[in-house]
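# Coordinates in review
The primary structure of each chain is shown beneath.
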Amino acid sequence: MSLRLIQVRAADGQRTVAAVGDDGVARKVKGFSSTYALAQAALKSGATLAATVAANIADERLDLQELQASKRLLAPIDHSDPAHLYLTGTGLTHLGSAEGRDKMHKAAAGGTLTDSMRMFNMGLEGGKPAAGQVGVQPEWFYKGDGSSVVGTGEALPSPDFALDGSEEPEIAGIYLIDAAGNPRRLGFCLANEFSDHITERGNYLWLAHSKLRHAALGAELLVGDLPADVRGMSRVIRDGKTLWEKPFLTGESNMSHTIANLEHHHFKYGLFRRPGDVHVHFYGTATLSFSEGIQTREGDVFEIEAPPFSLPLRNPLKRSESPTVGVKAL
């Protein structure tokens, strides 16, 4: 049986948490206005997250379809202080994920083997270490903090200086650092790790710039293990019609790294083990519309869906103005 948690904004503006089971029914979790508070309560009691939900489940049911239609589904995790939520990720982690990146970087490399392909090959050889061993470290990037998170139905803003704004359909792990500084995985969610691929294509050293964008998180937090083989569909919809769609594969069966190896190389840094902080870590993808010549424009809608998540992640692309920033000496 799978357990998925959602955060909901009620009609009166109050927030609540609900649990969704295999029957597709959402039931309110009593006494909690956020996934964060629920997870902290589980840590304090020493119970699992699933057990804490079971102990506080209510009879009150919520209509998932109505919540989705009224845009009252929030991102599945947030923090009262957005600066204490980290958005980070890894790339070149999936079988086939190097192809698109290699195409982008090959011209700059003069036709030689690119750094992207070298790193991908390193993952193939050492990304799934034996038990007790540490595997090769993946590509890693910083994406932003809690202010860069949008939920399903919200617009994904692309700054006016961006050269591109395109989807990256993937799974993200959600973590809370406990009082002793230990990372505790709360679960997984669908994600759109939205990026600027034209900037990245210009020079792979601009990858850091290309990743400093908002990201969308699906409404459901899957508690427990992620299936080894996750098969979903990614779409770009323009003017109500599907412009592009393609299946995407994720889960460890389709990855060149284990999730544990990705987690190790993120949380080995003490900076990322500060008690009370939340981490959303993107595991990567092998499917990009940009790699197939799609150029997005304002108003396009990104749609990502994949079992075991029952709700799709949908977000329209919106161009946003960036203020001119001048530095003054103090």
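Please refer to the structure placed before this passage.
In this text the structure is predicted, and so the values were computed from the model without any measurement. (Residues numbered from 1 in each chain as written. Predicted model: local features only at pLDDT ≥ 70, side-chain atom pairs only at ≥ 80, totals over all residues. Heavy atoms only, no water.)

## Focus: the overall build of the protein chain
Looking only at helices and strands, the protein chain features eight helices and 17 strands. Taken along the three principal axes of its C-alpha coordinates, the protein chain extends 65 × 55 × 50 Å. In the protein chain, which comprises 330 residues, the proportion classed as buried is 52%. At a minimum sequence separation of 6, the contacts of the protein chain that also span at least 24 residues come to 73%. In the structure as shown, the protein chain presents an accessible area of about 15,100 Å², 53% of it carried by carbon and sulfur atoms. Between the mean site of the 34 positive side-chain charges and the mean site of the 39 negative ones, the protein chain shows a separation of 1 Å. (Helix = DSSP H or I, 4+ residues; strand = E, 2+ residues; numbered from the N terminus. Buried < 20%, exposed > 50% of the residue type's maximum accessible area, 1.4 Å probe, protein only. Contact = heavy atoms within 4.5 Å. Areas by Shrake-Rupley, 256 points an atom, 1.4 Å probe, with all protein chains shown as cover. Lys, Arg positive; Asp, Glu negative; His and termini not counted. Charge placed at Lys NZ, Arg CZ, Asp CG, Glu CD.)

## A closer look at the pairing of strand 5 (residues 85-91)
Looking along a regular strand, one sees the side chains alternate between the two faces of the sheet. Of all seven residues making up strand 5, seven are buried, and the element is well covered by its neighbours. Burial along strand 5 is two-sided: the face carrying L85, L87, G89 and G91 and the face carrying Y86, T88 and T90 are both buried. Both strand 5 and strand 6 (residues 139-145) contribute to a ladder of six bridges, which runs antiparallel. Residue pairing across strands places G91 opposite E139, the latter belonging to strand 6. (Pairing = 2+ DSSP bridges.)

## Some details on the environment of G135
With respect to the helices and strands, G135 occurs in the loop between helix 5 (115-126) and strand 6. Accessibility expressed as a relative area gives 10% for G135, which makes it buried. For the pair G135 and N261, spaced 126 residues apart in the sequence, the C-alpha separation amounts to 6.2 Å. G135 has contacts with G126, P129, N261 and H265, leaving out every residue within four places of it along the chain.

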